[in-house]
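# Summary of the model geometry
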Amino acid sequence: MSKLFLASIKENKEIAGSHYILTLSPLTKTIKPQPGQFFMLSVSNGLDPLLKRPFSIFRVSEKHFQILYRVVGKATEILKNKKAGDVIEALGPLGNGFPRIKPNIKPILIAGGVGVAPLFALAESVKYKKPLFFLGARNKKELLCINELRKIRINPVIATDDGSAGLKGTVVDALSAFLTRHSSLVTRHCIYACGPKAMLRELSFLAGKFNIEAYGAFEENMACGVGACLGCMVNTKDGLRSVCKEGPVFPLGEILW
Ligand SMILES: Cc1cc2nc3c(=O)[nH]c(=O)nc-3n(C[C@H](O)[C@H](O)[C@H](O)COP(=O)(O)OP(=O)(O)OC[C@H]3O[C@@H](n4cnc5c(N)ncnc54)[C@H](O)[C@@H]3O)c2cc1C
Ligand code: FES
């Protein structure tokens with residue numbers, strides 16, 4: 001089955017300021033993506049922008065898949081104006097995805113901003129063990145997917161930088177308070193995270209302090225998406241590793257910050 005395919009847009013809906021959910025229907029049979037994997041999407045039929053852009057899988061169903069995206073620049077500006085019926089080219093699923101959640105471990109999911117996308121996919125895939133979910137954003141308006149999470153019976157712990165909703169501070173501060181309160185239980189937890197690099201860095205130190213296994217999905221800028229251009233490398237204890245091919249999910253303890 002080819003990873004390069006055409007998909008028709010079913011819906012492209014704004015869910016919060018500058019944030020959209022794109023529903024795509026592949027025109028041919030595709031490989032089912034796993035949480036933490038991503039697609040490279042081509043937003044233009046012409047040369048500008050030339051490169052496809054990476055987006056995590058947010059939700060998968062029998063016929064469709066969805067991505068949740070934030071408008072930040074040229075490609076996402078074009079994407080937001082796409083309409084139902086438009087056809088775009090996609091490559092994927094790519095990358096390794098999150099490791100399988102072990103049966104005796106309680107998953108803690110931590111999302112910063114639009115980093116909620118792959119973690120929502122992970123939360124939906126956990127059938128028997130309801131994860132703890134920490135959701136952070138700069139302010140109340142940028143908190144994403146609270147209703148979608150509640151629909152799958154997850155009530156997230158919320159943190160905003162400005163205190164306009166939930167706890168005031170970062171989502172890592174909120175997790176730190178939780179781990180301090182429950183320090184006797186923490187070895188039975190495993191952290192799965194996605195968000196800005198600074199958040200993953202802080203989380204890596206926190207997980208190290210409490211000796212908890214932790215995995216983070218990285219969102220480096222990408223050009224090829226398939227390990228050919230060396231444009232998305234991260235420095236790890238084993239040397240440079242490509243986020244697109246060997247990631248985007250890495251054990252946080254392996255990253256050299
Ligand atoms: C594996 C992976 C999964 C991703 N998943 C999602 C997702 O689910 N939803 C989503 O909204 N975005 C996601 N991203 C980021 C997304 O790919 C970029 O926002 C997008 O490529 C920007 O394209 P653009 O042309 O609109 O902006 P550009 O014009 O390319 O950039 C605009 C601004 O955004 C910055 N920027 C671009 N890419 C990134 C990035 N990866 N991280 C931080 N800053 C960046 C640029 O430095 C620049 O300042 C993911 C990235 C990766 C690598
Ligand atoms: S984007 Fe080219 S190697 Fe990762």
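Model, not experiment: these values are computed from the prediction.

### So, the sheet that holds strand β6 (residues 65-70)
With antiparallel pairing, seven strands are arranged side by side in an open sheet as β4-β3-β7-β1-β2-β6-β5. Both outer strands of the open sheet, β4 (53-56) and β5 (59-60), are each paired with one neighbouring strand and no more. As paired elements, strand β3 (residues 38-42) and strand β7 (residues 87-94) share four bridges and run antiparallel to each other. When the bridges of β7 are listed, Phe38 appears paired with Leu94.

### With respect to the nonpolar core
Counting residues in each nonpolar core, the largest one holds 33 residues, and the members touching the most others are Ile110, Leu175, Ile191 and Leu203. Elements with a contribution of two residues or more to this core: β3, β7, β8 (106-112), α4 (171-181), β12 (189-194) and α5 (197-210). In terms of domain composition, this core takes at least three residues from each of domain 1 (4-94) and domain 2 (106-254). Once you skip the residues sitting within four places of it in the chain, Ile110 turns out to touch Leu119, Phe134, Val171, Leu175, Ile191, Tyr192, Ala193, Cys194, Met199 and Leu203. Among the nonpolar cores identified, the runner-up in size contains 31 residues, and Val116, Ala117, Cys190 and Tyr215 belong to it.

### Describing the site of ligand 1
Taken together, the neighbourhood of ligand 1 is formed by 20 residues, with Pro54, Arg70, Thr76, Glu219 and Asn221 sitting nearest. Contact between ligand 1 and Leu68: a nitrogen atom at 2.8 Å from a main-chain N or O atom of the residue. Calculation on ligand 1 without its partners gives an accessible area of 890 Å², and the protein chains cover 72% of this total. Residue assignment for the shell around ligand 1 shows that the elements contributing at least two residues are β4, β6 and α1 (74-80).

### Some details on the environment of Pro103
Within the secondary structure, Pro103 is located in the loop between β7 and β8. On the basis of relative accessible area, Pro103 is assigned to the exposed category, the value being 71%. Remark: the alpha-carbon pair of Pro103 and Tyr128, spanning 25 residues in sequence, is separated by 8.8 Å.

### A look at helix α2 (residues 116-125)
Of all ten residues that make up α2, eight are buried, and the element is covered over most of its length. For α2, the full list of buried residues reads Val116, Ala117, Pro118, Leu119, Phe120, Ala121, Leu122 and Ala123.

### Section: the pattern of salt bridges
A side chain with one charge may pair with a side chain of the opposite charge, provided their charged atoms come close. All told, the structure shown has eleven salt bridges when counted by the stated rule. A salt bridge links Arg241 to Glu254; the nearest nitrogen and oxygen atoms lie 3.5 Å apart. Placement of Arg241 in strand β15 (residues 239-242) and of Glu254 in the segment after β16 (249-251) is noted, with a sequence separation of 13 residues between them. With a relative accessible area of 19%, Arg241 lands in the buried category. Members of the salt-bridge network, linked through shared partners, are Asp238, Arg241, Glu246 and Glu254.

Criteria and thresholds
Residues numbered from 1 in each chain as written. Chains lettered and ligands numbered in written order. Predicted model: local features only at pLDDT ≥ 70, side-chain atom pairs only at ≥ 80, totals over all residues. Heavy atoms only, no water. Pairing = 2+ DSSP bridges. Helix = DSSP H or I, 4+ residues; strand = E, 2+ residues; numbered from the N terminus. Core = buried A, V, L, I, M, F, W, Y, C linked by side-chain atoms within 4.5 Å. Buried < 20%, exposed > 50% of the residue type's maximum accessible area, 1.4 Å probe, protein only. Domains from an automatic or database assignment. Contact = heavy atoms within 4.5 Å. Near = heavy atom within 4 Å. Polar contact = N/O pair within 3.5 Å; in protein donor to acceptor, adjacent residues only side chain to side chain. Areas by Shrake-Rupley, 256 points an atom, 1.4 Å probe, with all protein chains shown as cover. Salt bridge = Lys/Arg side-chain N within 4 Å of Asp/Glu carboxyl O.

From the geometry alone we can't say anything about function, so treat these as descriptive.
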